[in-house]
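This is what each chain is made of:
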Amino acid sequence: MCISYSSVTCLVFQLLLLVHSCIAEAGLEFFHGRHEAFREHNTFDTRLQQQQQRECKETRAMPLRPHSVTITEFGAVGDGVTVNTHAFQNAIFYIHTFADKGGAQLFVPEGKWLTGSFNLTSHLTLYLDAKAVILGSQDSEDWPVIDPLPSYGRGRELPGGRHCSLIHGSNLTDVVITGDNGTIDGQGAIWWHWFRNHTLDYTRPHLVELIDSTDIIVANLTFLNSPFWTIHPVYCSNVRIRNLTILAPLDSPNTDGIDPDSCSDVCIEDCYISCGDDVISIKSGWDEYGIAYGRPSSNIIIRRIIGESHTSSGIALGSEMSGGIKGIHVQDLYIFNTRRGLRIKTTPGRGGYVKDVYITNVTMKSVRVGICFTGLYGDHPDNGYDPSALPDIERITFTGIVGDNITTAGSLEGNERIQFKDICLSNIVFNVTSQPFWNCTNVKGFSDSVSPEPCTELQEPIPPYSSVCYSSYISGTCKDH
């Protein structure tokens, strides 16, 4: 709903949705009524969309807390200068006493509330007023160093630990981070400077990271200038992320929008994201550490997203995917001014799998590569990875995609050891500006009604009623994955 955005963002969102609708209608009209298989797919896709919408709507509403406190009650000063870390920590320590009484809300009123990292507690609602801004401290000492994640084995950028996120939590349940479109600003420019100048001792922090937690809602807020990935739920379940605006300069390093990592039962919807790396990236651990931890990302719904990234992708799967990625449903995207639209990235040594992925109803504008698979991507945490641990990539479906001013329709590059198989392309129209239109190596799959015509490796007709293209979604609900 646009009521949760700022008026400017709301207007942009409405206009882009109108563009999306017009382009999609013009592009897909070419295909209507072509043959029985397409009509059967449309019937299937309608049932699928109804089913997925029902799943998201059936999630719980925002909990009403019987108790509420304001951050000023704990000595906080909203002048943008006073460091309020202890005030946030003390307020949340106090709220913890209400855990068995329905929890409590911490209200952040109008003002600029400078703080370092602080930890949340269970049964908490963190609520920001419309004119409230939580500012991340620009002193690295205010972001403590914590242990690496077990599925990564070290910090993502540097060996050893990593800086704690600005808003952090572990082993929590029933946590809500929301507001009246208040703002959380990481003030990440100083971190980007340290990163570019190689003066960091530890991996940069996220804006929000929740670990081993369940029943999480993040909604109705603006996130700005994260030092690193913006929102990072890891080892979490039942996560709902909606109605967010996430912004960082398009040249800011690794400022991904939303990165669900070894998470299950996740719904991400109605967000506007413009950042310096992947708009949304699904992950599940890094090489031997992710394989050993063995927790996949599964049952994830992503829909109604508008995204921009000059340096990376709209939707990415990987490259850290060693615990596996499965049961992903993505629909209703508008991706613009982006290097790659839809991407799967992996490499020998990752292990794991990406399977049962269904992406539909996507509009792209000014994208360098529409669909991109990479089988030789990314580095390794250390020399302990197993080069023979090969990822399994299969049953990936793209359907109902239109794009204007696309440089290359698809670059699908496996390698002699990793083959992307059972790739299904249907009802795709790209206005491509250069040749070759497609570049394919070590891929195998099917296509129907794709323009320009895909590479020969993907020209097998889609078998009618085949489980190869739609297997994980025939069972009836997301939770069956």
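1. Some details on the environment of L376
Within the secondary structure, L376 is located in the loop between strand 22 (353-374) and strand 23 (392-413). A C-alpha to C-alpha distance of 9.6 Å links L376 and S319, two positions 57 residues apart in sequence. For L376, the residues in contact, after removing those within four places along its chain, are T346, T347, P348 and N415.

2. Topic: the pairing of strand 6 (residues 124-128)
Within strand 6, four of the five residues are buried, leaving the element largely enclosed by the surrounding structure. Taken together, the five bridges between strand 3 (residues 104-108) and strand 6 define a ladder with parallel strand orientation. Bridge pairing links F107 to Y127 in strand 6. Pairing analysis gives five bridges linking strand 6 to strand 11 (residues 173-179), with the strands arranged parallel. Paired with T125 across the bridge in strand 11 is V176.

3. Thoughts on the state of the cysteines
Taken as a whole and assessed by the stated rule, the structure comprises two disulfides. Counting only cysteine sulfurs, C263 is the nearest neighbor of C236, a cysteine outside any disulfide, at a range of 4.7 Å. Here C236 falls in the buried class, since its relative accessible area comes to 0%. Take C271: it sits in no disulfide, and the sulfur closest to it among the cysteines is that of C267, at 9.6 Å. C271 gets classed as buried once you look at its relative accessible area, which sits at 0%.

4. Here's the deal with the packing of aromatic side chains
For the structure shown, the criterion picks out twelve aromatic pairs. An angle of 25 degrees between the planes, with centres 6.2 Å apart, marks the rings of F107 and Y127 as stacked. Separated by 20 residues along the polypeptide, F107 in strand 3 and Y127 in strand 6 bring together distant segments of the chain. A residue is classified by how much of its surface remains accessible, and Y127, at 26% relative accessible area, is partly exposed. Centre to centre, the rings of W143 and W191 are 5.5 Å apart; their planes meet at 75 degrees, and the pair counts as edge-to-face.

5. What about the confidence of the model for the protein chain?
Here the protein chain averages 89 in pLDDT, and 85% of its residues register 70 or above. Taken together, the stretch residues 1-10 has pLDDT below 50 and engages in 19 contacts with residues farther than four places along the chain or on a different chain. Across residues 471-481 the pLDDT falls below 50, and counting only partners more than four positions away or on other chains, this stretch makes 31 contacts in the model.

6. Examining the nonpolar core
Residues L106, L120, I177, I184, F223, I302 and F398 are the most contacted members of the largest nonpolar core, which totals 92 residues. No other element matches the eight residues that strand 22 contributes to this core. When neighbours within four sequence positions are excluded, F223 is seen to be in contact with I184, L207, V208, V218, T230, I231, L244, T245, I246 and L247. Listed in part, the eight residues of the second largest apolar core include L149, Y152, F228 and Y235.

7. Some points on unusual backbone geometry
Of note, the amide linkage connecting G318 to S319 takes the cis form, showing an omega dihedral of 5 degrees. Here the amide bond leading from Q435 into P436 is cis, since omega sits at 0 degrees, within 30 degrees of zero. In the Ramachandran plot, N225 falls in the positive-phi region, its phi being about 55 degrees despite a non-glycine side chain. If you trace the backbone, N225 turns up in the loop between strand 14 (214-224) and strand 15 (231-234). Of the residues examined, N225 reaches a relative accessible area of 21% and is grouped as partly exposed.

Cut-offs used in this document
- Residues numbered from 1 in each chain as written.
- Predicted model: local features only at pLDDT ≥ 70, side-chain atom pairs only at ≥ 80, totals over all residues.
- Heavy atoms only, no water.
- Helix = DSSP H or I, 4+ residues; strand = E, 2+ residues; numbered from the N terminus.
- Contact = heavy atoms within 4.5 Å.
- Buried < 20%, exposed > 50% of the residue type's maximum accessible area, 1.4 Å probe, protein only.
- Pairing = 2+ DSSP bridges.
- Disulfide = S-S within 2.5 Å.
- Phe/Tyr/Trp six-rings, centres within 6.5 Å; stacked < 30°, edge-to-face > 60°.
- pLDDT = per-residue confidence, 0-100.
- Core = buried A, V, L, I, M, F, W, Y, C linked by side-chain atoms within 4.5 Å.

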